[in-house]
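# Close look at the chain arrangement
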Amino acid sequence: MIEITHVSKTFNKGTVNEKRALDNLNLKLNEGDFVTIIGGNGAGKSTMLNAIAGTFPVDCGKITIDGTNVTMDPEYKRAKYIGRVFQDPMKGTCAGMQIEENLALAKRRGQHRGLRWQLNDKERELYREQLATLGLGLETRLSDKVGLLSGGQRQAVTLLMATIQKPKLLLLDEHTAALDPATASKVLRLTREIVESHHLTALMVTHNMKDALTIGNRLIMMDHGTIIYDVSGEEKMKLTVEDLLTKFEEASGTEFSNDRMMLSK
Amino acid sequence: MNINGLLGSLQSGVAQGVLWGIMVLGVYITYKLLDIPDLTADGSFTLGGCVTTVAILAGINPILATLMGMGAGFLAGAVTGVLHTFFDIPAILAGILTQIGLWSVNLRIMGGKANNPLLKADTIVSFFSDRLGISNSQSSMLVGILLILLVILFLYWFFGTEIGSALRATGDNEDMIRALGVNTGHTKLLALAISNGLIGLSGAMVAQMQKYADINMGRGAIVIGLAAIVIGEVLLGRLVKNFGFKLFSAVLGSVVYFIIQALVLRFGMDANDMKLLSALMVAAALAIPVAMSRYNIKKSYSENDLYADEHRRLERKGGKES
Ligand SMILES: Nc1ncnc2c1ncn2[C@@H]1O[C@H](COP(=O)(O)OP(=O)(O)OP(=O)(O)O)[C@@H](O)[C@H]1O
Ligand SMILES: [Mg+2]
């Protein structure tokens, strides 16, 4: 359903800072795939997610979602297919707006926005229910400004916002990296619950190898802007962190002893 | 000091403050909601005045003429919007370009004259002063208050709609709202157009109050707008949370600004110095909070942790955050 074929992206072409961030990338996602993505710093993970979301145009190749070619569509047009949560908790919400306003904005993702009054009691009820599922007590704080929430709470709200209008694809870019370990595991648990209960197709970048192994049905490893390892199902379940490290060294021909990946295994 | 004269100038100060308040609401949209200081304002204010006076003199119904002034402002804002969003020209520069261009356009509209007097022509203001037997200032005030109420109601409604909320979100977190499917170019363009529509309306009404349009009538409008917003915040900022009241406090700021102006003029200050006073006022209002926080940081620093005990005590009582 989501298909990326021969996609490349070079930043700052023709300058000393030229960087080929995606190099002939190919990826095909099946409906309901929950894919974890690992790879060293600068491997191109975020760039891949941004290319899918349309943050910038790619140089070549083709991206299709449900058979629709979206390669040249701007970000706001693709938004109807895609829900996103970023690493930075500040990025996914409007701090100066109320929780319910944020949810109401997200509820209309990819839909026509007209001159109807945005908030109504029926939707408010829905938001209350949905917030209650987070188990953070936010259901009583609908009209609080999001800026008053902690990073973890904001990330949980963003997760809800990304999925309240069921997306064809959920993109999660190290969305727990800025949280403390306890909060991170809470948000991660919520992520699994939401993805599983809505049968979402999701791509999740993580630097935590254990999470990458235990979560989802498929794992891909990236290096130098391309996918160097792709494993799913039974085979993935049997993998260990050591296997992954070996695989990485094998495939990329380098050791990553001082890499962030090592630190968080 | 002549007490009647003083009352008279206070009254005209309030009237001006109310009519200019419509412009302040326009500036509020771009400056407070989108964080764009839009310099189109100076030009679109004059544009509103020029279009409306010329239309009135051509025999067009004053209400329709006023709407034309507003529409012209709307288009001027749209021009800035296109320059800014379509061609990625920085907002300030886009506003300056439109403003400069409007200078010539405004002169053209007034047939090459720098000044377009309404003489005895009927206007919205004269309509009320004739019917109700009130002075020009009182009539302007009345019309102004009615318009302010209408505009605040409209803005309150509009910014609660789906489009209006998307527009507020554009000012708050552009990346986020784009990822939620909003073309932020369109929302910014719309905000600039609505803002300048209001500014044009304000110019149209001020021209009818003073009975002429002048090529310079909008000079410094943006600074007056910012000054009014700042005054409103200083007066009511801590008290009001509701969006409608925030708009109201901006208008109040405008009224206070023009009362101050009326008073200092009354007490013999040169009218030409008023611009310097406004600039100083805005600069001070923007600078003082920064200086204060710097001062507070220094003052509250101590080598020993005096704060710790109290902080722990508060923490034990339990904060909201998890
Ligand atoms: N907007 C940009 N302009 C220029 N270079 C960029 C841009 N975005 C990414 N790059 C470069 O592309 C390469 C891939 O970056 P990317 O952010 O995709 O890595 P990543 O795999 O997400 O790494 P990390 O684990 O550190 O988040 C890096 O060398 C980066 O410097
Ligand atoms: Mg990254």
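Residues numbered from 1 in each chain as written. Chains lettered and ligands numbered in written order. Predicted model: local features only at pLDDT ≥ 70, side-chain atom pairs only at ≥ 80, totals over all residues. Heavy atoms only, no water.

Turning our attention to the overall build of chain B. When its secondary structure is counted, chain B shows 13 helices and two strands. Whereas a compact globule of 322 residues would reach a radius of gyration of roughly 20 Å, chain B reaches 22 Å, a difference of no more than 12%. Classification of the 322 residues of chain B by burial places 49% in the buried group. Intrachain contacts of chain B at a sequence separation of at least 6 include 78% that bridge at least 24 residues. Charge separation in chain B, taken as the distance between the mean sites of 23 positive and 20 negative side-chain charges, equals 5 Å. (Helix = DSSP H or I, 4+ residues; strand = E, 2+ residues; numbered from the N terminus. Rg over C-alpha atoms; globule rule 2.2 N^0.38 Å. Buried < 20%, exposed > 50% of the residue type's maximum accessible area, 1.4 Å probe, protein only. Contact = heavy atoms within 4.5 Å. Lys, Arg positive; Asp, Glu negative; His and termini not counted. Charge placed at Lys NZ, Arg CZ, Asp CG, Glu CD.)

Although it is not a glycine, N12(A) sits at a positive phi angle of roughly 50 degrees. On the secondary structure map, N12(A) appears in the loop between strand 1 (2–11) and strand 2 (19–29). Despite not being glycine, D35(B) has its phi angle at roughly 65 degrees, a positive value. On the secondary structure map, D35(B) appears in the loop between helix 1 (3–33) and helix 2 (40–57).

Taken together, the contacts link 25 residues of chain B with 33 residues of chain A. Here chain B packs against chain A, burying approximately 2,500 Å² in sum over the two surfaces, 56% of which is carbon and sulfur. Taken together, chain B and chain A are joined by four salt bridges. Applying the counting rule to chain B against chain A returns 15 residue pairs in polar contact (both at pLDDT 80 or more). Of all the secondary structure elements, the ones that give two or more residues to the side of chain B that touches chain A are helix 6 (136–158), helix 7 (162–172) and helix 8 (174–179) of chain B. In terms of residues, the side of chain B that touches chain A owes the most to one element, helix 7 of chain B, which gives seven residues. Partitioned by chemical class, the residues of the side of chain B that touches chain A number 11 nonpolar, seven polar and seven charged. (Buried area = accessible area lost by both parts, 1.4 Å probe. Salt bridge = Lys/Arg side-chain N within 4 Å of Asp/Glu carboxyl O. Polar contact = N/O pair within 3.5 Å; in protein donor to acceptor, adjacent residues only side chain to side chain. Nonpolar A, V, L, I, M, F, W, Y, C, P; charged D, E, K, R; others polar.)

So, about the site of ligand 1. Residue and element names in this part refer to chain A. G42, K45, S46, T47 and H207 are the nearest of the 15 residues found near ligand 1. One of the side-chain nitrogen or oxygen atoms of S46 is found 2.7 Å away from an oxygen atom of ligand 1. H207 places a side-chain nitrogen or oxygen 2.8 Å from an oxygen atom of ligand 1. If ligand 1 stood free it would expose 630 Å²; the protein chains cover 65% of that surface. Listing elements by their share of the shell around ligand 1, those giving two or more residues are strand 2 and helix 1 (45–53). Among the residues forming the shell around ligand 1, the class breakdown is three nonpolar, eight polar and four charged. (Near = heavy atom within 4 Å. Areas by Shrake-Rupley, 256 points an atom, 1.4 Å probe, with all protein chains shown as cover.)

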